[in-house]
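Examining the three-dimensional arrangement
What follows is each chain in one-letter form.
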Amino acid sequence: MRHSASFDLIAKALSLAQAKMKPPKKLAEGQIQNRKYMYATLGDVKESYDGPLREQGITVSHGLSTIEGICSLTSILIHSQSGQWMASDLPISLSIKPQDLGSAITYFRRYNLYALLDLAPEDDDGAAAQNDEPTRAASHPASAQGGYRPVSATQADEIRMALKGAGVSDFK
């Protein structure tokens, strides 16, 4: 993450906004091969943050830029009262078809916002139960001790989609 020289005022405003944000709802359905899953669209994510950020004078913007020779999607939060800003950059492969590039940009905008705003979509335990899969995280010893949990099948699918959108093709 990059930020302006000072970022105390935007950090305070962001904290106040985050207190009012609700988790994005997973209302859209996607499918990879024969596996269906639910996800929050960019519009669903925007609905969760737009009002609280505006109340605190924070604007969200996105753009493509080249950083050290790599094309990146930059998502930026700008505090209108102070001019302070926070930005996150995600590299995007330009070696994909234009239609796939558009999908990758939308996908990365959503995930850049998750990171910048510390948003998490609604829990997906219902999807695991629907597929008669035990929730692996619940049975993992580290989760009972407050440690890291393995990713869910839905999260793994979302990671695969992000990699594919970024032009990475040699993953399993």
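Residues numbered from 1 in each chain as written. Predicted model: local features only at pLDDT ≥ 70, side-chain atom pairs only at ≥ 80, totals over all residues. Heavy atoms only, no water.

1. Overview of the overall build of the chain
Scanning the chain from terminus to terminus reveals 7 helices and 6 strands. Each helix (α) and strand (β) of the chain, taken in turn from the N terminus, gives the series β-α-β-β-α-β-β-β-α-α-α-α-α. Within the span of the chain, comprising 172 residues, buried residues form 35% of the whole. Within the chain, counting contacts between residues at least 6 apart in sequence, those at least 24 apart form 54% of the total. Accessible surface, the chain: about 10600 Å² in total, of which carbon and sulfur atoms supply 53%. (Helix = DSSP H or I, 4+ residues; strand = E, 2+ residues; numbered from the N terminus. Buried < 20%, exposed > 50% of the residue type's maximum accessible area, 1.4 Å probe, protein only. Contact = heavy atoms within 4.5 Å. Areas by Shrake-Rupley, 256 points an atom, 1.4 Å probe, with all protein chains shown as cover.)

2. Describing the pattern of salt bridges
For the coordinates displayed, the defined rule picks out 4 salt bridges. The shortest N-O distance in the salt bridge between Arg 2 and Asp 89 comes to 2.7 Å. Taken together, the positions of Arg 2 in strand 1 (residues 2-3) and Asp 89 in strand 6 (residues 85-91) put the pair 87 residues apart, joining distant regions of the chain. Residue Arg 54 is joined to Asp 50 by a salt bridge in which the shortest nitrogen-to-oxygen separation is 3.1 Å. Taken together, the residues span about one helical turn, with Arg 54 and Asp 50 both in helix 2 (residues 42-55) at a distance of 4 residues. Owing to a relative accessible area of 22%, Asp 50 belongs among the partly exposed residues under this scheme. (Salt bridge = Lys/Arg side-chain N within 4 Å of Asp/Glu carboxyl O.)

3. Some thoughts on the packing of helix 2 against helix 3 (residues 98-117)
Where helix 2 meets helix 3, the closest approach of the two axes is 10 Å, and the angle between their N-to-C directions is 40°. Crossing geometry of helix 2 relative to helix 3 is assigned as left-handed. Only Thr 106, Arg 109, Arg 110, Leu 113, Tyr 114 and Leu 117 of helix 3 make contact with helix 2, whose side of the interface consists of Leu 42, Val 45, Tyr 49 and Leu 53. Classifying every residue of the contact of helix 2 with helix 3 by side-chain character gives 7 nonpolar, 1 polar and 2 charged. (Axes fitted to C-alpha atoms, helices over the stretch in contact; angles between N-to-C directions. Left-handed = near helix turned anticlockwise from the far one by under 90°. Nonpolar A, V, L, I, M, F, W, Y, C, P; charged D, E, K, R; others polar.)

4. Section: the environment of Leu 73
Along the polypeptide, Leu 73 turns up in strand 5 (residues 70-79). For Leu 73, a relative accessible area of 2% puts it in the buried group. When the C-alpha positions of Leu 73 and His 62 are compared, they lie 6.9 Å apart, and in sequence the two are 11 residues distant.

5. What about helix 1 (residues 8-18)?
Along helix 1, the positions that sit buried rather than exposed are Ile 10, Ala 13, Leu 14 and Ala 17. Considered in projection along helix 1, the buried side chains sweep an arc of 100° and stay on one side of the axis. Looking at helix 1, the residues exposed on the side facing more than 90 degrees away from the buried face are Asp 8 and Lys 12. (Arc of directions from axis to C-beta.)

6. A closer look at unusual backbone geometry
Of note, the phi angle at Gln 33 is positive, near 55°, even though the residue is not glycine. You can see Gln 33 is positioned in the loop between strand 2 (28-32) and strand 3 (35-39).

7. Some points on the packing of aromatic side chains
Evaluated as defined, the whole model comprises 4 aromatic pairs. On the numbers, 6.0 Å between centres and 45° between planes, the contact of Tyr 37 with Tyr 39 is tilted. Residue Tyr 37 is classed as buried on the basis of its relative accessible area of 4%. Look at Tyr 39 and you get partly exposed, because its relative accessible area is 22%. Aromatic ring contacts, followed pair by pair, group Tyr 107, Phe 108, Tyr 111 and Tyr 114 into a single cluster. (Phe/Tyr/Trp six-rings, centres within 6.5 Å; stacked < 30°, edge-to-face > 60°.)

8. Details of the confidence of the model for the chain
Averaged over all residues, the pLDDT of the chain equals 80, while 70% of them reach at least 70. Confidence, expressed as mean pLDDT per element, reaches its minimum in the chain at helix 5 (residues 136-139) with 41 and its maximum at helix 1 with 95. Below pLDDT 50 for its whole length, residues 125-148 participates in 20 contacts with residues either more than four positions away or in separate chains. (pLDDT = per-residue confidence, 0-100.)

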